[in-house]
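Residue-level listing of the chains:
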Amino acid sequence: MAKIKHHNFLNTVHEVFTDAKKAGVLHLYAEGRSFSGRTIEVKGRELFHFGTTGYLGLEQDPRLKRAAMEAIDRYGTQFPLSKSYISNPLYEELEDSISQMYGQPIVITKNSTLGHLGVIPSAVDDDDVIILDHQVHWSVQNAAKMLKTRSVPIEMIRHNNLGMLEDKIKKYQHNKRYIWYMADGIYSMYGDYAPVQELMALSKKYPQLHFYFDDVHGMSWVGKNGTGYVLDQLGELPRNVLLFGTMSKTFGASGAVLACSNPDMYDKIKTFGGPLTFSAQLEPASVAAAMASAQIHLSTEIYQIQKELRERIDYFNDCLSVTDLPLIDSNASPVFYIGTGMPKTGYNFVNRLMAEGFYVNLGIFPAVPVKNTGVRITISRHNQKEEIKELVEAMEYHFPKALEDTQTYAERVFRAFKLEPRASSERKILSGLSVELLDSIDQVDLEEWNSYLGGQGVYDWKGLKFLERVFSGNVKKEHNWLFRYVVIRDSDGTPILMAFVTLSLWKDDMLAQQQISEAIEKERKSNAYHLSSMVLSLGCLFTEGVHLYWDAAHRSGLAARDSFLELLEKMEQQYGAKMTVLRDFDAHTSWNEALYGHGFLRVQMPNSCHVDLLGIPSMEAYLEQLSSRNRRHFRKDVLPYLDRTGTQVMPMLSIQQLERVKGLFEAVRSRNLGLNTFSFPDSLFERMNQNPSWEFIVLSPLSEPDRIMGVMFCYTNLEQVYVPAFVGMDYSNLEEFALYRQLLYRTIERAIDQGIPKIDFGLTASFEKRKLGASVHQKYAYLQTGDNFILELLGIMEGQH
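Right, let's walk through the structure included here. (Residues numbered from 1 in each chain as written. Predicted model: local features only at pLDDT ≥ 70, side-chain atom pairs only at ≥ 80, totals over all residues. Heavy atoms only, no water.)

This part is about helix α4 (residues 112–123). Between its first and last C-alpha, α4 extends 15 Å over 12 residues, near the 16 Å set by a 1.5 Å rise per residue. The buried fraction of α4 is high, at nine of 12 residues. Between the side-chain oxygen at the start of α4 and the backbone nitrogen of T113 there is a gap of 3.2 Å, and the oxygen is on N111. (Helix = DSSP H or I, 4+ residues; strand = E, 2+ residues; numbered from the N terminus. Expected span 1.5 Å × (residues − 1). Buried < 20%, exposed > 50% of the residue type's maximum accessible area, 1.4 Å probe, protein only. Polar contact = N/O pair within 3.5 Å; in protein donor to acceptor, adjacent residues only side chain to side chain.)

Our next topic: the environment of P757. Here P757 lies in the loop between α26 (739–754) and β27 (758–762). Sequence separation between P757 and M354 is 403 residues; the distance between their C-alpha atoms is 58 Å. Excluding residues within four positions of it along the chain, P757 makes contact with V611, D612, L613, L614, E719 and Q720. (Contact = heavy atoms within 4.5 Å.)

Tallied over the full model, the rule gives 41 aromatic pairs. Residues Y452 and Y549 carry aromatic rings whose centres are separated by 4.5 Å and whose planes lie at 45 degrees to one another, so their mutual orientation is tilted. Of the two residues, Y452 is situated in helix α16 (residues 446–453) and Y549 in strand β19 (residues 548–550); the sequence distance between them amounts to 97 residues. It is K477 that lies over the ring of Y529; its NZ or CZ is 4.2 Å from the centre. If you follow R671 out to its NZ or CZ, it ends over the ring of Y731, 4.2 Å from the centre. (Phe/Tyr/Trp six-rings, centres within 6.5 Å; stacked < 30°, edge-to-face > 60°. Lys NZ or Arg CZ within 6 Å of the ring centre and 35° of its normal.)

Counting 116 residues, the largest nonpolar core has I98, Y102, F316, I377 and M395 as the members making the most contacts within it. When residues of this core are assigned to their parent elements, the largest contribution, nine residues, is made by helix α11 (residues 284–297). Core analysis: the second largest hydrophobic core is formed by 54 residues, L438, Y549, M579 and I708 among them. (Core = buried A, V, L, I, M, F, W, Y, C linked by side-chain atoms within 4.5 Å.)

With that settled, the discussion passes to the sheet that holds strand β2 (residues 39–42). With respect to topology, four strands assemble into an open sheet ordered β1-β2-β3-β12, the strand pairing being mixed. Either end of the sheet is taken by a strand with one partner, and the two such strands are β1 (30–31) and β12 (358–359). With two bridges joining them, β1 and β2 adopt antiparallel strand pairing. Counterpart to A30 in the pairing with β2 is V42. (Pairing = 2+ DSSP bridges.)

Turning our eyes to something else, we now look at α26. Between its terminal C-alpha atoms α26 stretches 22 Å, which fits the 22 Å expected from 16 residues at 1.5 Å a residue. Of all 16 residues in α26, 12 are buried; the element is thus mostly enclosed. Taken as a whole, α26 has its buried residues at L739, Y740, Q742, L743, L744, Y745, R746, T747, I748, R750, A751 and I752. Phi turns positive, to about 75 degrees, at G755, one or two residues after α26.

What follows is about the side chain of N733. Tracing the backbone shows N733 in the loop between β26 (721–729) and α26. Polar contacts involving the side chain of N733 include one to the side chain of R707, which spans 3.0 Å.

Moving on: a negative patch on the surface. A surface patch of negative charge is lined by D324, E390, E393 and E396. One can find D324 in the loop between α12 (301–321) and β11 (335–341). The class for D324 is partly exposed, based on a relative accessible area of 44%. (Patch = residues over 30% accessible without salt bridge, like charges linked within 9 Å, V, L, I, M, F, W, Y side chains within 5 Å. Areas by Shrake-Rupley, 256 points an atom, 1.4 Å probe, with all protein chains shown as cover. Salt bridge = Lys/Arg side-chain N within 4 Å of Asp/Glu carboxyl O. Lys, Arg positive; Asp, Glu negative; His and termini not counted. Charge placed at Lys NZ, Arg CZ, Asp CG, Glu CD.)

There is a patch of nonpolar side chains on the surface, built from L81, Y85 and I86 and spanning about 360 Å² of accessible area. Mapping Y85 onto the fold places it in the loop between α2 (62–75) and α3 (91–102). We classify Y85 as exposed; its relative accessible area is 71%.

This next bit is on the packing of helix α24 (residues 655–671) against helix α25 (residues 682–690). For the pair α24 and α25, interaxial distance at closest approach is 11 Å and the crossing angle is 130 degrees. The orientation of α24 relative to α25 falls into the category oblique. Considering the relative orientation of α24 and α25, their crossing is right-handed. Contacts between α24 and α25 pair L658, K662 and F665 from the former with D682, F685, E686 and N689 from the latter. (Axes fitted to C-alpha atoms, helices over the stretch in contact; angles between N-to-C directions. Parallel < 35°, antiparallel > 145°, perpendicular 65-115°, else oblique. Left-handed = near helix turned anticlockwise from the far one by under 90°.)

The next subject is the pairing of strand β24 (residues 694–701). Here β24 lies mainly inside the structure; eight of its eight residues are buried. Here β24 shows two buried faces, one formed by W694, F696, V698 and S700 and the other by E695, I697, L699 and P701. Looking at chain direction, strand β23 (residues 645–650) and β24 are connected through six bridges and run antiparallel. Pairing of T645 across the sheet is with P701, part of β24.

We now examine the side chain of T345. Here T345 lies in helix α13 (residues 343–356). A distance of 2.9 Å separates a polar atom in the side chain of T345 from a polar atom in the side chain of T406. With residues near it in sequence (within four places) discarded, T345 still touches T340, A402, L403, T406 and T408.

Have a look at this one:
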């Protein structure tokens, strides 16, 4: 398989969000002339509000409102000066109040995002290292990325995986000053917690370990003086912890707060902290509202308010406990997540709940993996027990309806979240469809397979028979692939859909930029399988092309497509694959909407290249029909080198020649970290040498006719397509002999001589192939995974040295 380009993350998010916007569940506008907190007006309807992060409802407290209004009257709408010069008259009193809450020095920031941008680069030195929990908030990850320009290593671990964290600590404990672990206190989607007690125990074992906690979702509703979940667990703030809280969300005002018990570090951060120095300060109204909220937090009233919220959380948990709804994490936070699995099911469920009178949030990529889409519900003190009960009843009624509307079922959702179903469920069997899953191409009729999927790539019937033999019975696990063949037929036995898929070991950075692979390969010198995963893929790593036949016009075409996608989910679960990849789709494929709805992300592949030779009798005729620009390229960059080499087309190589071309291929593969795959087994080349469908186009210097310096490994598919599958080159001769361009030329020449009407030139080096007349087509792949870890890790590593 050719390299899939590193996809533009923002473009991917844009496509996902656009899909959700079209469904009417994202980028909405609240309406109405006032808010009570209990309800919110959306699309002309008053809905009970189960989407706020103001869990205590303090944003509607009359004391905060009155303080804000009085501050505007006294000080105006803003105080337009940097705090480095002078602060609003209210700031000092606010800082004193917040410091009293925490019992530690604090720094107030405009918001948590700007706060992280100011604090992290100041707190972390060049001889430190950062380790991120892969679910830590985007604002923390984004701020940490800034330190890559200072060559600070940034690592990532799976969510709350202390074993993985300890491995990273051991890696750096002897050559770094501080090891910073950055995590949320309460995670914003599932409402689950950081294991604070266990982390502090780990820091006693490794004194270099320091913590940076973003506890904005734990603020106010728990802890002494409402200082949040993390400090509630710690009791007192240790010197090795930096703690971020918020004056927005539950606090009811605006801004964020950093608590720090290390005097030297506190002074360093407060004196100069990037955005802390250059950003505008909080508006007088926000400062005054925060002061009013701080007085509530410093009084015993805060505990009564917390108790009132706790009663509502407990009641919601009690109501959920008697349902079969897929609650992803059961805990005592005000954040709840009901999984829907596929995005289209999430859209349907949210719209149903809004129609029933309840506003909830959609949880979608990149906040969660695409196939872990769901509904985030937050409980606030505004919510009353009657509407809490009604919401649960509405969810219990509409959840199976949403599943039915989107052709899925509960067991599938539970499987996506690795949960045990609370009740059995079955998918309705569609009459007239038969789904065959076959273990070998031997079980598939040769003529039927070739009539639907033959004539392209190395996956006609004989090509797949060849690949099955090559990638089985080998010593290394990366050299053993599982081949499966899917045939979905109508009641007459006619195929509606045919495909082959493989399960194989991929390097996780195969889809990444070259510099990322270069960094990861250093780790693989001591651990060959570092960052590698089993992947279920349409086609295989050896082939490219349209690996899927689908009769879209068939009356059961859509049902066959959905059955295929469901089968892939089951196979991914059964085989323990980390990712499913469907590849080689055109830009405007009719599968696009369905794949997004099923939780796939689209990424751009390199251009596909082929040459149409139908009706071209000779190489001279082929060159004549090239554009004038491409003919000039041939005369200048190819023709002068043709007389310097000898060319042979060899159906079989000697043992010595075979060893030589293996080495030439490995020279290309090992340099091409833009396509970072595991090596192929030696048996591949030996079986090529014994198979009449394979031949070798070899180049040698005229002065050394026995020394092979370039080779193209070529497969003939049913006499219809010529497939130059791989290339091998001696890089010391690359420029002197224009090896790659010569091999492309000789490949076209060979196909014409054989009367083969088409060349499948693959996906890489499209610029060079285009100059020799290849037509180019943009291709896309679709990725589905229930684990964002690899995607986020590669994003963190991008550009890091």
